[in-house]
Amino acid sequence: MKDHDTISKRKFMEELRRFQKGSVTRRHFLGVTGLGTATAVLGAAVPGLLPRAAKAAGDIGDRVVLATWPNYHDPANFDLFTENTGAFVQVNVFGSNEEMLAKLQAGGSGWDVFVPTNYTITTYVSEDLIEPLDVSMLSNYDAGAFDPRFADAGTVDGTLYAVPKNWGTTGFAVNTAHDGGTALTSWKDFFDRTMGDFSGRTMVHDYQLTTIGNALKYFGYSFNSVDPAELADAERLLIDVKPHLFAISSDYQPAMRSGDAWLTMCWTGDGKQLNSDIPEIQYVLGREGGEIWSDYYAIPKGAPHREAAYALINHMLDPQVNAREVLAHGYPVADSRTNALLPKEILEDPILYPAQDLLNALEFGAAATLTDPNRAELLARFKSA
């Protein structure tokens, strides 16, 4: 490695701490530190240096490939899975459900497990991209333990296709050290202040559902609207906002932590992680409403490591494993068995469990938004403007 490519000791320790806390993926950590390349080179030369999962194929094979979201797991739980099974967890990170759908539609994803959001599952079923789950291979699954609000979307026409991972909300995170003493409480504040004192410091998701949905809330429209006139209003707002943005990305934690960004659209767990480490960063649900969602574990058709897929999902459904996930990623879960293991301060945390009046204003995503051409074209025009 050339000198200008080497990472400083301070930067290495910062990235190590982020990885240990589950704020970044193993792939990101190995890539940014250079350890990924070094491990591959050394492992090829000296097989004994490879992880056990890469050289010891157990009953379920030597690996399982998981497609999931940024900052969404406790890496220690994957390490435990590898220790118990000999299968290494390869994590692929995505920023939107549209990306996941396009990858599966194209074929040859190589995924064994993926993490779709509630409103997408009917589309996966209709396009024959998802496998009905064999509950006999999921000993840790107990349907009665889950809150139906966050579990029902996994069943389509009486068949179980996906089991709950966790749920959350979509709001925004703001560094209050820069708000001038005037709190942001709404999506109107979010967009207006972006064009004002937060100009050049705001991030929005690279994801049509939330970026367009929250722009629709600015006008009081439904988060899920596909009405052409309402989408036109949202597009005008987003085009006006575009020159004032720091970035369009669903992986916004690094910029918020470094101070390059002060305001971002944000999911529950990211809001909790940021607030825990930097208390000045507050998580806000816009008072006009927005999104409530639930994510699931599912297996795509043709998964190359099917037995490993079931083993990984079963491992993640273990209440003790799931409790460690919550403590690491900061997302609430719908499993009463897991909640029984969590400390009181987690169950009463206002970021994870907002006041009911705020939750009442939120909408679950609608299936129509995933494939609506007008919303897809709007986001494309916004990104290219």
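Residues numbered from 1 in each chain as written. Predicted model: local features only at pLDDT ≥ 70, side-chain atom pairs only at ≥ 80, totals over all residues. Heavy atoms only, no water.

## Topic: the pattern of salt bridges
Reasoning step 1: Enumeration over the complete set of coordinates arrives at 15 salt bridges.
Reasoning step 2: Measuring nitrogen to oxygen at the nearest pair gives 2.9 Å for the salt bridge that ties Asp335 to Arg337.
Reasoning step 3: Taking the relative accessible area as the measure of exposure, Asp335 reaches 0% and is therefore buried. (Salt bridge = Lys/Arg side-chain N within 4 Å of Asp/Glu carboxyl O. Buried < 20%, exposed > 50% of the residue type's maximum accessible area, 1.4 Å probe, protein only.)

## Focus on helix H12 (residues 268-277)
Reasoning step 1: Taken across its 10 residues, H12 has 8 buried, putting it largely inside the fold.
Reasoning step 2: Of all the positions in H12, only Thr268, Gly269, Asp270, Gly271, Lys272, Gln273, Leu274 and Asn275 are classed as buried.
Reasoning step 3: Buried positions along H12 lie against strand E6 (162-175), helix H11 (253-258), strand E9 (263-267), strand E10 (281-284) and helix H14 (319-329). (Helix = DSSP H or I, 4+ residues; strand = E, 2+ residues; numbered from the N terminus. Contact = heavy atoms within 4.5 Å.)

## Brief notes about the confidence of the model for the chain
Reasoning step 1: Averaged over the chain, the pLDDT score is 89; the fraction of residues at 70 or greater is 85%.
Reasoning step 2: Note on residues 1-5: pLDDT under 50 across the span, and 2 contacts to partners over four residues away in sequence or across chains. (pLDDT = per-residue confidence, 0-100.)

## Overview of the nonpolar core
Reasoning step 1: Of all hydrophobic cores here, the largest spans 80 residues; its most connected members are Phe114, Val163 and Leu312.
Reasoning step 2: When residues in this core are grouped by element, the largest group, 7 residues, is from helix H13 (residues 306-317).
Reasoning step 3: Listed in part, the 25 residues of the second largest apolar core include Leu184, Phe190, Phe191 and Trp262. (Core = buried A, V, L, I, M, F, W, Y, C linked by side-chain atoms within 4.5 Å.)

## Quick word on the packing of aromatic side chains
Reasoning step 1: Tallied over the entire structure, the rule returns 22 aromatic pairs.
Reasoning step 2: Seen from their ring centres, Trp187 and Phe190 are 5.2 Å apart, and the 65 degrees between their planes marks the pair as edge-to-face. With Trp187 and Phe190 both in helix H8 (residues 187-194) and 3 residues apart, this pair spans about one turn of that helix. Comparing Trp187 with Phe190 shows no difference in burial state: the two are buried.
Reasoning step 3: Ring pairing ties together the aromatic residues Phe172, Trp187, Phe190, Phe191, Tyr218, Phe219 and Tyr221, which thus form one cluster.
Reasoning step 4: In this structure, Lys242 is placed above the aromatic ring of Phe382, and the distance from its NZ or CZ to the ring centre is 5.7 Å. (Phe/Tyr/Trp six-rings, centres within 6.5 Å; stacked < 30°, edge-to-face > 60°. Lys NZ or Arg CZ within 6 Å of the ring centre and 35° of its normal.)

## Looking at the environment of Met195
Reasoning step 1: If you trace the backbone, Met195 turns up in the loop between H8 and strand E7 (202-204).
Reasoning step 2: Met195 gets classed as partly exposed once you look at its relative accessible area, which sits at 31%.
Reasoning step 3: In the structure, Met195 is positioned 50 residues away from Leu245 in sequence and 8.5 Å away in space, judged by C-alpha atoms.
Reasoning step 4: Contact partners of Met195, with chain neighbours within four places excluded, come to Leu237, Asp240, Val241 and His244.

## Structural notes on the side chain of Asp270
Reasoning step 1: As for its placement among the helices and strands, Asp270 is situated in helix H12.
Reasoning step 2: Lacking a salt bridge, the buried Asp270 has Arg257 as its closest oppositely charged neighbour, with an N-O distance of 7.2 Å.
Reasoning step 3: In terms of polar contacts, Asp270 uses its side chain to reach the side chain of Asn71, at 3.0 Å. (Lys, Arg positive; Asp, Glu negative; His and termini not counted. Polar contact = N/O pair within 3.5 Å; in protein donor to acceptor, adjacent residues only side chain to side chain.)

## A few points about the environment of Tyr353
Reasoning step 1: Within the element layout of this structure, Tyr353 appears in the loop between helix H16 (344-347) and helix H17 (356-360).
Reasoning step 2: Its relative accessible area of 23% is what places Tyr353 among the partly exposed residues.
Reasoning step 3: Sequence separation between Tyr353 and Thr169 is 184 residues; the distance between their C-alpha atoms is 9.3 Å.
Reasoning step 4: Contacts of Tyr353, omitting those with residues within four sequence positions, involve Trp167, Pro332, Val333, Asn339, Ile346 and Leu347.

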